[in-house]
Amino acid sequence: MRGRLSIDLGALARNYRTIQNMVGENCTAAAVVKADGYGLGVAAVAKALKGAGAQDFFVANLDEAAALRGILGEGPVIYTLNGFDARGAHVYQSEQIIPVLNSLEDVQDFGAHGQDLPAPALHIDTGMNRLGIRMDRLDALQGHDFSLVMSHFACADEKDHSMNAAQFEVFQAAAKHFPRTKKSLANSSGAFRSNAYHFDMVRPGMCLYGLNPKPETENPMEAVVSLSVPILQIRDTAPGETCGYNATYRFKNKTRLAVVALGYADGFLRSLSNGGVLYWQGIPCPVRGRVSMDLTIVDLSAVAERALPTPGGMMEVIGMHQSADDLARDAGTIGYEILTSLGARHLRRYID
Ligand SMILES: *Cc1c(COP(=O)(O)O)cnc(C)c1O
């Protein structure tokens, strides 16, 4: 018995169009599909996004880019965010992939090995100190030709964080060095924070997949992912007994439990031990004890006797009552990590 993971490609396409409509016709909504389309399956996800009108795609590395070219065919623009790897120059050439250059070393490597390639993109560090060329080194780029100049927000999910405005100002200053080049600054959250952040292209990822780009408000996006998992056993404890590894939960009373086919190897993070919740027909059933690799134990005390499930019944992990963001909050992480951890064991169903 396996979990059922449903991915609503119709909702994904509508989320894409919501963003494209929001940014208007003078701005392009690209689609970020790195890490196997945020764990949802890049083949299905990328085709649906292309069908919804996406023409620009971002992945992390050249392997992802080459696979994506196979999926999308000729036409769409594909960028690698993690820089230029000179050893793969022939692949950039044959698959027409555009590297995002992240340092002066990248720019030099590209100059030496990328002569036959289309103009690359350039990432400028506006304060995140992750990737990107530093502002004080822009002068070294005189005479180089770029197809896109971009940067990345560190704190766009925090509405009033001072770094948002600060990075915007630095990016505007950087942009003056490249008056004729297309510009891009915003990820999902950045695109929702201010129209001024849109420039020529926004680069949403998470909000396409239904995560909330404005965590302080109701989610403006449609849910894309749902996950339910089968109950393997129903069992009763005696008062004073414990359950699971390391006996971390002790029952005061006789308690009815469900053991479900879901563990940390399926993306139900171990930090949900004694903290997460699954739903049986809308009723919250708290996790008791440790989440193990393939199994989790939940407490059915809140379920009325006549509504109790039987083995084979499917419990909701992500769905109407619990979003991936809710699960992330309980697990002490972010929805991105929940989605990219979902793993390969669930039965996947793609809905149009
Ligand atoms: C992952 C990524 C994005 C997309 O971010 P979301 O928060 O998922 O919208 C955009 N730009 C860069 C550089 C990224 O690494």
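See above for the structure.
Not measured: the values here are computed from a predicted model.

(A) Main features of the site of the ligand. Lining the immediate environment of the ligand, one finds 14 residues, of which Lys34, Tyr38, Ser188, Met206 and Tyr336 sit closest. At a separation of 3.4 Å, an oxygen atom of the ligand approaches a polar side-chain atom of Asn187. Here Gly205 contributes a backbone N or O atom positioned 2.9 Å from an oxygen atom of the ligand. Compared with its free state, where it exposes 390 Å², the ligand has 93% of that area covered by protein. Classifying every residue of the shell around the ligand by side-chain character gives seven nonpolar, four polar and three charged.

(B) Structural view of the packing of helix α3 (residues 42-51) against helix α4 (residues 62-72). Between α3 and α4, the least distance of the axes is 10 Å, while the angle of their chain directions is 55°. Relative to α4, the element α3 lies oblique. Crossing of α3 against α4: the hand is right-handed. Between α3 and α4, the residues in contact are Val42, Ala43, Ala46, Lys47 and Lys50 and Leu68, Ile71 and Leu72, respectively.

(C) Structural view of the pairing of strand β17 (residues 296-299). Residue alternation in β17 divides its side chains into two sets, Thr296 and Val298 and Ile297 and Asp299, and both sets are buried. Pairing of strand β14 (residues 255-260) with β17, which is carried by four bridges, proceeds in the antiparallel orientation. Within β17, the residue paired with Val259 across the bridge is Ile297.

(D) Examining the pattern of salt bridges more closely. Taken as a whole, this structure holds 11 salt bridges when the rule is applied. One salt bridge connects Asp236 with Arg256, and the closest N-O pair in it is separated by 2.9 Å. Here Asp236, found in strand β11 (residues 225-237), pairs with Arg256, found in strand β14; they are 20 residues apart in sequence, far enough to count as distant. Residue class for Asp236 comes out partly exposed when judged on its relative accessible area of 40%. Linking Arg256 and Glu305 is a salt bridge whose minimum nitrogen-to-oxygen distance equals 3.3 Å. Residue Arg256 is found in strand β14, and its partner Glu305 is found in the loop between β17 and β18 (314-318); the two are separated by 49 residues along the sequence. Residue class for Glu305 comes out exposed when judged on its relative accessible area of 61%. Overlapping salt bridges, with partners in common, bring together Asp236, Arg256 and Glu305 in one network.

(E) Inspection of unusual backbone geometry at higher detail. Unusually for a residue other than glycine, Gln96 sits at a positive phi of about 55°. Its place among the elements puts Gln96 in the loop between α5 (89-95) and β6 (97-101). Accessibility expressed as a relative area gives 39% for Gln96, which makes it partly exposed. In this structure, Ala247 is a non-glycine residue whose phi angle is positive, near 50°.

(F) How the structure looks around the pairing of strand β1 (residues 4-8). Pairing geometry for β1 and strand β19 (residues 347-351), over five bridges, is parallel. Residue pairing in the sheet places Arg4 in a bridge with Leu347 of β19. As paired elements, β1 and β11 share four bridges and run antiparallel to each other. Residue Leu5 lies in a different strand from β11, and its bridge partner there is Leu227.

Definitions and limits used
- Residues numbered from 1 in each chain as written.
- Predicted model: local features only at pLDDT ≥ 70, side-chain atom pairs only at ≥ 80, totals over all residues.
- Heavy atoms only, no water.
- Near = heavy atom within 4 Å.
- Polar contact = N/O pair within 3.5 Å; in protein donor to acceptor, adjacent residues only side chain to side chain.
- Areas by Shrake-Rupley, 256 points an atom, 1.4 Å probe, with all protein chains shown as cover.
- Nonpolar A, V, L, I, M, F, W, Y, C, P; charged D, E, K, R; others polar.
- Axes fitted to C-alpha atoms, helices over the stretch in contact; angles between N-to-C directions.
- Helix = DSSP H or I, 4+ residues; strand = E, 2+ residues; numbered from the N terminus.
- Parallel < 35°, antiparallel > 145°, perpendicular 65-115°, else oblique.
- Left-handed = near helix turned anticlockwise from the far one by under 90°.
- Contact = heavy atoms within 4.5 Å.
- Buried < 20%, exposed > 50% of the residue type's maximum accessible area, 1.4 Å probe, protein only.
- Pairing = 2+ DSSP bridges.
- Salt bridge = Lys/Arg side-chain N within 4 Å of Asp/Glu carboxyl O.

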